[in-house]
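Here is how the chains run, residue by residue.
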Amino acid sequence: MRKINTIGVLTSGGDAPGMNAAIRAIVLTAQHHGISVTGFKRGFNGLLNGEHFQLTECYVRDIIHHGGTVLKSARCQAFTTEQGQLQASEVLNRLAIDCLIVIGGDGSLRGAELLADYWSGQIIGLPGTIDNDVAGADKTIGFATAVNTAVEAIDKIRDTADAFERTFLVEVMGRESGYIAMSVAIACAAEQVLTFESRQLPSQQLASIVNHITNAQKSRGNSSYIMVIAENLWPTGTIELAKELTEQSNIECQPCILGHIQRGGRPVFEDRILATKLGVAAVEASVDGAHLVMLGEVNQSITATPLSKLALEHKTIDTFLFNAQQQIFEYHDFHD
Ligand code: F6P
């Protein structure tokens, strides 16, 4: 087993609250083991352009409570090419990096795996994305904060929706995963949720949604009605859907797109603790020779999943949660 003298770390893809807590834990644990840490800036771009600096204890002292990432993040098209991976490996060799820790979503972690064809150092991934769509991790770093942010926003929308007896379609992030949408819908007692996991295709849904909104109004009288919708779900977009629903139901449906607000903000304690555990575990795993694995928490244990498995395993939404949402919903006709 090689002795680890220097660890490289980068954050890649959509930033997620808690990434700073992971960086902090990596730096402090590395220091404990007498290992130095090099931070690469702007994801894989930092590897390609040689943009790096030494991460020391004083650099990470006051970062655990900040959203975003002190290393900056980005997507990096150039890294997906052979030339890019070769260039990155040259930089890693030049800097004598023994192990690279990549914090990011499944795309970034799969990118990290590609490096192994050109570079002989160890590669370890940590799941950092608000989307919670990475297999091998019950929760990804940033998911809890993003849900919390969306819940706070929707609670506020509920106040004004109640006051005006209005219908709102609130779009939340998640790329192609319904985890945020489903969790937020349950936590906000939304009247309806539309996610990729819904049983009907969007084309079949319009009439059902119209029925649902009008039936809710008939049985309750005028009242607030909130539908949470996953981004990228409706083929023509949430704003168009709101227009179509308004036309067909004769009830004004207001769209509200929460967008990037869900990526920022102070990480909630769950993300700080998860990120800290995974950061510590990543350094310890590197010392123990771990390679080409992602560390995630599964049933309260830190688990190593081969990076090669991530592309093969689609993390499906918790079916209990999905069924629960359907059962506790007041009007059952929508999914009949
Ligand atoms: O993966 C995190 C995420 O915020 C997704 O939920 C969203 O679809 C995407 O990133 C947005 O990416 P960008 O910030 O590049 O527009």
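Preceding this paragraph is the structure being described.
Basis of the calculations
- Residues numbered from 1 in each chain as written.
- Predicted model: local features only at pLDDT ≥ 70, side-chain atom pairs only at ≥ 80, totals over all residues.
- Heavy atoms only, no water.
- Salt bridge = Lys/Arg side-chain N within 4 Å of Asp/Glu carboxyl O.
- Helix = DSSP H or I, 4+ residues; strand = E, 2+ residues; numbered from the N terminus.
- Buried < 20%, exposed > 50% of the residue type's maximum accessible area, 1.4 Å probe, protein only.
- Pairing = 2+ DSSP bridges.
- Axes fitted to C-alpha atoms, helices over the stretch in contact; angles between N-to-C directions.
- Contact = heavy atoms within 4.5 Å.
- Polar contact = N/O pair within 3.5 Å; in protein donor to acceptor, adjacent residues only side chain to side chain.
- Left-handed = near helix turned anticlockwise from the far one by under 90°.
- Nonpolar A, V, L, I, M, F, W, Y, C, P; charged D, E, K, R; others polar.

Here's the deal with the pattern of salt bridges
Applying the stated criterion to the full structure yields 11 salt bridges. Across the pair Glu297 and Lys277 runs a salt bridge, and its minimum N-O distance is 2.4 Å. Here Glu297 is found in strand β10 (residues 293–298), whereas its partner Lys277 is found in helix α9 (residues 269–287), with 20 residues between them in sequence. Given a relative accessible area of 15%, Glu297 falls into the buried group. Judged by relative accessible area, Lys277 falls into the partly exposed class, the value being 38%. One salt bridge connects Lys309 with Glu313, and the closest N-O pair in it is separated by 3.5 Å. A cluster of three or more residues bridged by salt bridges with shared partners is formed by Arg158, Glu191 and Arg220.

Side note on the sheet that holds strand β9 (residues 253–257)
Consider a sheet: its strands pair through backbone hydrogen bonds, and that pairing is either parallel or antiparallel. Spatially, β7-β8-β6-β9 is the arrangement adopted by the 4 strands of the open sheet, whose pairing is parallel. At either end of the open sheet lies a strand with only one pairing partner, and these are β7 (192–194) and β9. Across this sheet, the average inter-strand angle for adjacent strands is 20°, counted without regard to direction. Here strand β6 (residues 167–172) runs beside strand β8 (residues 225–230); their pairing, made up of 6 bridges, is parallel.

Regarding the environment of Lys315
Tracing the backbone through its elements, the reader meets Lys315 in the loop between α10 (307–310) and α11 (319–328). By relative accessible area, Lys315 is classed as buried at 13%. Measuring from C-alpha to C-alpha, the distance between Lys315 and Ala135 comes to 5.0 Å, with 180 residues separating the pair along the chain. Look past the residues within four positions of Lys315 in its chain and what remains in contact with it is Asn132, Asp133, Val134, Ala135, Ala137, Asp138, Lys139 and Tyr179. Polar side-chain contacts of Lys315 include one of 2.9 Å to the side chain of Asn132. Reaching out from Lys315, the side chain makes a polar contact with the backbone oxygen of Ala137 at a distance of 2.6 Å.

Quick word on the packing of helix α1 (residues 19–32) against α9
At their nearest, the axes of α1 and α9 sit 7 Å apart, and the two run at 35° to each other. Viewed along their axes, α1 and α9 form a crossing whose handedness is right-handed. Touching Ala21, Ala22, Ala25, Ile26, Thr29 and Ala30 of α1 are Arg272, Ala275, Thr276, Gly279, Val280 and Val283, all from α9. Partitioned by chemical class, the residues of the contact of α1 with α9 number 8 nonpolar, 3 polar and 1 charged.

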